[in-house]
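# Observations on the three-dimensional arrangement
Spelled out, the chains give:
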Amino acid sequence: MSMQMNEVKPSFRLYTSMPEPPKPKRNKLLVIGLPLIAVLFVFSLVQLQFDYAKIAQGFTKLGGYMGTMFPPDFSAWRHVLLAAVESLQVAILGSVLGIVVAFFLSFLAASNLTPHPFVAWIIRSAASLLRAIPTIVWALIFIVSVGLGPLPGVLAIAVSAAGMLVKVFAQSLEEIDKGVLEAMQSTGASWLQIVMQGILPTVKTAFIAWCVLQLEGGIAESTILGAVGAGGIGYEMTHAMKSYNFAAALFVGLVVFAMVFSVEFVANRYKMKLKTRQN
């Protein structure tokens, strides 16, 4: 018994000498930016001095106007559909021109494919300038240059599309794994072979998504541009609103919605087929 009592019982020690995992660092941009945005929001809300009574009256009037929209007025459906076709043509031509220009320039603007960093900087700066000017301002510039009609709308959408797509196309190209490019270069593949066999299959889905988004935006922009004399369904919308024919304006809005929805539906079906083929 005494031997059993004198036996040393095993002791368990908890070693805490391991260093604690580092605490995640706070994002300085969020810590400083969010309070600054909140302060600017409150300052703007106070500085602009909104008349909330008029806002409430405006919403009341809007409710009354919405009651006059139903049922939609289909009496001028021929003119509306012809104008819709013109707007769709303006959007397609402008978007395609912008896509083609941006496609070629994006390879020079991407940091991993450009022949020289200065070339990439020049192209990115020019694209930023094109994006900084709103599409409707481009339309007004081209109306002064080439006159009224659908042509200034096509040129305005093309310029805006090129400015936006150069940036997003170049970013998609820069996300390509460098190992893939180095592996193809080590095999002696030419630049064109690298682009056709290594780059385009990788970025094809992203490029299609951006092109569809641009086409949807182009249709909406062509509607707005028609209000400033660039042709299309925007003129019909402006005419209906100025004459307080809200039922006709609703019909025009439904036509615009149908155009945008159709483009998105067809594009989604195409992207699903591409994914099915890849799998």
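Read on for an overview of the structure. Position labels on residues start from 1 in each chain and follow its written sequence. Local features in a predicted model are, by the rule used here, given only for residues with pLDDT of at least 70; side-chain atom pairs are given and counted only at 80 or more, and totals for whole chains, interfaces and linings are based on all residues. Excluding hydrogens and water, the side-chain values take into account all heavy atoms of the structure.

### So, the environment of Phe70
Within the secondary structure layout, Phe70 lies in the loop between helix H3 (52–68) and helix H4 (77–109). Three labels apply to residues, based on accessible area from a 1.4 Å probe with only protein chains included: buried if under 20% of the type maximum, exposed if over 50%, partly exposed otherwise in between. Residue class for Phe70 comes out exposed when judged on its relative accessible area of 56%. As a C-alpha pair, Phe70 and Ala248 span 178 residues in sequence and 9.5 Å in three-dimensional space. In this description a helix means any DSSP run of H or I spanning at least four residues, a strand means any run of E spanning at least two, and both kinds are numbered starting from the N terminus.

### A look at the pattern of salt bridges
In what follows, salt bridge is the name for a side-chain nitrogen of Lys or Arg lying within 4 Å of a carboxyl oxygen of Asp or Glu. On inspection of all chains with the given rule, the structure shows 1 salt bridge. Ionic pairing is found between Arg124 and Glu174, a salt bridge with its closest N-O pair at 2.4 Å. Residue Arg124 is located in helix H5 (residues 117–132), and its partner Glu174 is located in helix H7 (residues 150–174); the two are separated by 50 residues in the primary sequence. Overall, the relative accessible area of 28% leaves Arg124 in the partly exposed class.

### Let's talk about the packing of aromatic side chains
Note on aromatic pairs: the rings of Phe, Tyr and Trp (six-membered ring only in Trp) are paired at centre separations within 6.5 Å, and the planes decide the class, stacked below 30 degrees, edge-to-face beyond 60, tilted for the rest. Tallied over the entire structure, the rule returns 10 aromatic pairs. Through a chain of ring-to-ring contacts, three or more aromatic side chains come together here, namely Phe103, Phe104, Phe107, Phe169 and Phe207.

### Digging into the packing of H4 against H5
Each axis is a line fitted through C-alpha atoms, taken for helices only over the stretch in contact, and angles between the N-to-C directions span 0 to 180 degrees. The interhelical angle for the contact between H4 and H5, taken along N-to-C directions, is 135 degrees, at an axis separation of 8 Å. Judged by the angle between their axes, H4 and H5 are oblique. Judged by residue contacts, Leu105, Leu108 and Ala109 of H4 engage Val119, Ala120, Ile123 and Arg124 from H5. Note on terminology: angles under 35 degrees are roughly parallel, angles over 145 are roughly antiparallel, angles of 65 to 115 are roughly perpendicular, and the others are oblique. Whether two residues touch is decided by their heavy atoms; if any such pair falls within 4.5 Å, the residues are in contact.

### Quick word on the side chain of Ser106
Within the secondary structure layout, Ser106 lies in helix H4. Relative accessible area serves as the criterion here: at 0%, Ser106 is assigned to the buried category. Not counting chain neighbours up to four residues away, the residues in contact with Ser106 comprise Val166, Phe169, Ala170 and Leu173.

### Digging into the packing of helix H8 (residues 178–186) against helix H9 (residues 191–225)
Contact geometry of H8 with H9 gives a least axis separation of 10 Å together with a crossing angle of 140 degrees. Two packed elements cross with a definite hand, and for H8 against H9 that hand is right-handed. Counted together, Leu181, Met184 and Gln185 of H8 and Gln193, Ile194, Gln197, Gly198 and Ile199 of H9 form the full contact between these two elements. Lys, Arg, Asp and Glu make up the charged group, whereas Ala, Val, Leu, Ile, Met, Phe, Trp, Tyr, Cys and Pro make up the nonpolar group; the residues left over, Gly among them, are polar. Split by residue class, the contact of H8 with H9 holds 4 nonpolar, 4 polar and no charged. By the definition used in this description, the sense in which the near helix is turned from the far one sets the handedness, with an anticlockwise turn below a right angle giving left-handed and a clockwise turn giving right-handed.

### Thoughts on the nonpolar core
To form a nonpolar core, buried Ala, Val, Leu, Ile, Met, Phe, Trp, Tyr and Cys residues must be joined to one another through side-chain atoms within 4.5 Å. Judged by nonpolar contacts, the single largest core of 26 residues is most densely connected at Phe107, Leu113, Leu165, Phe169, Leu173, Ile199 and Val203. Among the secondary structure elements, those contributing two or more residues to this core are H4, H5, H7, H8 and H9. When near neighbours in sequence (up to four residues on either side) are disregarded, Phe169 contacts Ile99, Ala102, Phe103, Ser106, Phe207, Trp210 and Cys211. Listed in part, the 12 residues of the second largest apolar core include Val80, Val255, Met259 and Val263.

### Some points on H5
The span you would expect from a helix comes to 1.5 Å times its residue count less one. With 16 residues, H5 should reach 22 Å at 1.5 Å per residue; the first-to-last C-alpha distance of 22 Å fits that figure. Tucked into the core, H5 has its buried residues touching H4 and H7.

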